[in-house]
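Listed below are the residues making up each chain.
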Amino acid sequence: MSASHIKKLLQSVVVHKASDLHLVRNSEPMLRVSGALKAINMPKLNGEMIEDMCYSLLTEKQKKAFEEEWELDFAIELEGVGRFRANYYRTMGDMAAAFRIIPIDVPSLDDLKAPEVYKKIIKREKGLILVTGPTGSGKSTTLAAMLNEVNITEHKHIITVEDPVEFVHKNKGCVFSQRSVGEDTKSFAAALKYAMREDPDIILVGEMRDRETISAALTAAETGHLVFGTLHTNSAPSTVNRIIDVFSGDEQPQIRAMVSSSLVAVIAQALLPKKGGGRVAVPEILVTNHAIANLIREDKIHQIYSAMQLGQEQSGMQTQTQVMKKLVLDGIVDREVALQFSNKPDELKNLI
């Protein structure tokens, strides 16, 4: 098994309109299509086959990094096939891999049929916009479409810090400096610290995974930059909690004050399987207004959900339950699927 084999497998991702390819010992290669795994009609793979194929895509530096760390994240573009984000790891002593396809053409907000409020919030001069959700919920795609909209309509310097760089933006109205952790910078926190001297208007932080990175992102948002970031949280109120809980008790009042003044919006999204195939995005949208800023400052996060249900026409806010209810009543998503993915199944059941 070699470079030509792995290329054929990655080609099958494109042909079958799959999102991911999994190579794991004692299993056929698996594709994720419309959210479900399907086996490719091929013999089961062993560790040696996987290693031969996967190593054929690596540079010497990457091989060394994987052998030292036993984990490797990188992006690769294969001519005539497409661009992929790859993760190599070990299982039961053997190598395994997960590949996710990244569209070469960056989608627009109109392509994604995104809510109108997205175009409004990205016009802000400074603040923090968070797109959250579990792995595979389309966070990177939503953020790429937002930056694409800025690229078409504004003239700004946009710095992205990602692990690895996923969507590659072409400079239209804006200038992009796209930095990959491990290749162009040592860490998210280091890149953010030095970003301040690189004259950015907008900063994208691929993952706000630790206290240092979150602290640097908040400072950047407070000091006149528009900062986009992602977290693995599944609702808008839990996102606010997660940011504050990263800090120690005596720091939290100050952090709450910073979040209340700098948070522009939280989009917590999930991807649900549609009836008849394909998937649909379900975004819960929190847009900070005076009332919500007060709740954050006064440590009344539990009341944010109720506040999100008020005055939605003007604010563009929506709860996950409302979006799911509409999708079920419009016949786009199956009732049982919506209940399975819902953060508040009892509330959804009552509404339906």
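For the structure itself, consult the block above.
What comes next concerns the included structure.

Attention now moves to the layout of surface pockets. It is the rolling of a water-molecule-sized probe over the atoms that shows where space remains empty. Size it by volume and the second largest pocket reaches roughly 500 Å³. Of all the secondary structure elements, the ones that give two or more residues to the lining of the second largest pocket are helix H3 (60–69), strand E4 (72–78) and strand E5 (82–91). Broken down by element, the residue count for the lining of the second largest pocket peaks at five residues, all from H3.

Moving on: the pairing of strand E13 (residues 279–287). Here E13 lies mainly inside the structure; seven of its nine residues are buried. Judged from the nine bridges that link them, strand E12 (residues 263–273) and E13 form a sheet pairing that is antiparallel. Bridging from a neighbouring strand, Val266 pairs with Leu286 of E13. In sequence, E12 turns back onto E13 through a hairpin of five residues, with Gly276 there showing a positive phi of about 80°.

Turning our attention to the packing of helix H8 (residues 236–245) against helix H9 (residues 252–262). Angle between the axes and distance between the axes: these two values describe a pair of packed helices. Running from amino to carboxyl end, H8 crosses H9 at an angle of 135°, the nearest separation of the two axes being 9 Å. When the axes of H8 and H9 are compared, the pair comes out oblique. Here the hand of the crossing between H8 and H9 comes out right-handed. Packed against H8, whose contacting residues are Val240, Ile243, Ile244 and Asp245, the element H9 presents Gln252, Ile255, Arg256 and Val259 at the interface.

Ranked by internal contacts, the top residues of the largest apolar core, which has 64 residues, are Ile121, Met146, Phe228, Val240, Leu263, Leu286 and Ile296. Examining the composition of this core, we find that six residues originate from one element, helix H7 (residues 211–222), more than from any other. Counting 29 residues, the second largest nonpolar core, distinct from the first, contains Leu10, Ile40, Ala86 and Met95.

Another point: the pattern of salt bridges. Applying the stated rule across the entire model yields 17 salt bridges. Taking the shortest distance from any N to any O, the salt bridge between Arg25 and Asp94 comes out at 2.8 Å. Here the residue Arg25 occupies a position in the loop between strand E1 (20–23) and strand E2 (30–33), and Asp94 occupies one in strand E6 (residues 94–102), the gap between them amounting to 69 residues. Arg25 gets classed as partly exposed once you look at its relative accessible area, which sits at 25%.

Spatially, the seven strands line up as an open sheet ordered E9-E8-E10-E11-E7-E12-E13, and their pairing is mixed. Every other strand in the sheet has two partners, leaving strand E9 (175–180) and E13 as the edge strands with one partner each. Adjacent strand axes in the sheet meet at a mean angle of 15° when their direction is disregarded. Sheet topology note: the strand E7 (residues 127–132)/E12 ladder contains five bridges and is parallel. Across the sheet, residue Leu130 finds its bridge partner in E12, namely Val266. The strands touched by helix H13 (residues 320–329) are E12 and E13; relative to E13, the strand with the most contacts, the crossing angle is about 150°.

The subject of this paragraph is helix H5 (residues 139–153). Here H5 contains 15 residues, and its C-alpha end-to-end distance of 22 Å stays within 8% of the 21 Å for a straight helix at 1.5 Å per residue. Here H5 lies mainly inside the structure; eleven of its 15 residues are buried.

Of the two faces of strand E10 (residues 202–205), the one carrying Ile202 and Leu204 and the one carrying Ile203 and Val205 are both buried. One ladder, built from four bridges, connects strand E8 (residues 157–162) with E10; its direction is parallel. Within E10, the position partnered with Val161 by the bridge is Val205. Pairing between E10 and strand E11 (residues 226–231): four bridges, direction parallel. Within E11, the position partnered with Leu204 by the bridge is Phe228.

Once that is clear, we can look at the environment of Val280. As for its position among the elements, Val280 is in strand E13. Once the C-alpha coordinates of Val280 and Ile332 are considered, the two residues, 52 residues apart in sequence, prove to be 8.6 Å apart. Leave out the neighbours within four places in its chain, and Val280 touches Ala270, Leu271, Leu272, Lys274, Leu327, Ile332 and Val333.

Cut-offs and rules
Residues numbered from 1 in each chain as written. Predicted model: local features only at pLDDT ≥ 70, side-chain atom pairs only at ≥ 80, totals over all residues. Heavy atoms only, no water. 1 Å grid on protein atoms, 1.4 Å probe; cavity = no way out; pocket = protein on both sides within 12 Å on 5 of 7 lines; lining within 4 Å. Points joined across faces, edges and corners; volume = space filled by probe spheres on them. Helix = DSSP H or I, 4+ residues; strand = E, 2+ residues; numbered from the N terminus. Buried < 20%, exposed > 50% of the residue type's maximum accessible area, 1.4 Å probe, protein only. Pairing = 2+ DSSP bridges. Axes fitted to C-alpha atoms, helices over the stretch in contact; angles between N-to-C directions. Parallel < 35°, antiparallel > 145°, perpendicular 65-115°, else oblique. Left-handed = near helix turned anticlockwise from the far one by under 90°. Contact = heavy atoms within 4.5 Å. Core = buried A, V, L, I, M, F, W, Y, C linked by side-chain atoms within 4.5 Å. Salt bridge = Lys/Arg side-chain N within 4 Å of Asp/Glu carboxyl O. Expected span 1.5 Å × (residues − 1).

Function cannot be inferred from these measures alone, as they are strictly geometric.
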